[in-house]
Amino acid sequence: MEFWQTIAATVIGGVITLATTILTINHQKALDKNRRKLEKIEKVYELLSKLESSYRMEWASDCMSINNRKYSDQFRIKERLPFEEIKMLIGFYAPELKEDADKLIALSKDRYGKLKSSIVDIEMSSMSTDETDTLKQQLTTVFYEIKNDIESIQNKLVKIGDTLI
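Since the model is a prediction, treat every value here as computed from it, not as a measurement. (Residues numbered from 1 in each chain as written. Predicted model: local features only at pLDDT ≥ 70, side-chain atom pairs only at ≥ 80, totals over all residues. Heavy atoms only, no water.)

A.B. asks: So what's going on with the nonpolar core? Residues and values would help.
C.D. replies: Within the largest apolar cluster, 33 residues are counted, with the highest numbers of intra-cluster contacts made by Leu48, Leu51, Ile146 and Leu157. Of all the secondary-structure elements, those providing two or more residues to this core are helix 1 (2-68), helix 2 (83-93), helix 3 (98-121) and helix 4 (129-164). Looking at this core element by element, the count peaks at 10 residues for helix 4. If near-sequence neighbours (up to four positions away) are discounted, Leu51 is found in contact with Leu81, Pro82, Phe83, Ile86, Leu104 and Ile150. (Core = buried A, V, L, I, M, F, W, Y, C linked by side-chain atoms within 4.5 Å. Buried < 20%, exposed > 50% of the residue type's maximum accessible area, 1.4 Å probe, protein only. Helix = DSSP H or I, 4+ residues; strand = E, 2+ residues; numbered from the N terminus. Contact = heavy atoms within 4.5 Å.)

A.B. asks: Explain the packing of helix 1 against helix 4 residue by residue, including any values.
C.D. replies: Between helix 1 and helix 4, whose axes approach to 10 Å, the crossing angle comes to 170 degrees. Considering the angle they form, helix 1 stands roughly antiparallel to helix 4. The residue makeup of the contact of helix 1 with helix 4, split by class, is 21 nonpolar, 7 polar and 6 charged. (Axes fitted to C-alpha atoms, helices over the stretch in contact; angles between N-to-C directions. Parallel < 35°, antiparallel > 145°, perpendicular 65-115°, else oblique. Nonpolar A, V, L, I, M, F, W, Y, C, P; charged D, E, K, R; others polar.)

A.B. asks: Got a sec to walk through the packing of helix 1 against helix 2? Specific residues and values, please.
C.D. replies: The contact between helix 1 and helix 2 brings their axes to 10 Å, and the two run at 150 degrees. It follows that helix 1 is roughly antiparallel to helix 2 by the angle criterion. Between helix 1 and helix 2 lies a crossing of left-handed hand. Across from Lys37, Lys40, Ile41, Lys43, Val44, Leu47, Leu48, Leu51 and Tyr55 in helix 1, the residues of helix 2 making contact are Phe83, Glu85, Ile86, Leu89, Ile90 and Tyr93. A class-by-class count of the residues in the contact of helix 1 with helix 2 yields 11 nonpolar, no polar and 4 charged. (Left-handed = near helix turned anticlockwise from the far one by under 90°.)

A.B. asks: Let's hear about the packing of aromatic side chains: which residues, and what values?
C.D. replies: The tally for this structure, following the rule as stated, stands at 6 aromatic pairs. For the pair Phe143 and Tyr144, a centre-to-centre distance of 5.0 Å together with 70 degrees between the ring planes defines the contact as edge-to-face. Members of the aromatic cluster, each reached through a chain of ring pairs, are Trp59, Phe143 and Tyr144. (Phe/Tyr/Trp six-rings, centres within 6.5 Å; stacked < 30°, edge-to-face > 60°.)

Below is the structure:
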């Protein structure tokens, strides 16, 4: 009888140890997954800040070009904007923001891009003051829409990050 009690106690102890180990491993995996997701969300936040800063520089440079009535790329940022990386990271780690990111990218590429190409293509010296003022106003409007969209996505990222901590 003592033999079976010893065996039963050993088996029960082993099952408890195994269960505890499995729970600990699963908990650690969940912590690692949350930490990795939080790091990627922070990366997207930083990329969005960089994007906003790039657009601010471009907008200022475009307004200066319009004021001088001559296109200048002296103060332009020459690096590629991180649209694809933002889209990829949001797709993997914050898919609930995919629609917001698509809207931002479309706004950036379509509306701002078209205005930008018109600044490069047109002869601003032949434009009236009203036309240049209208162009500056359009650029400013689109820039602030982009800025507001970026801030909106960043605020949503913060909320997602808060749930992971």
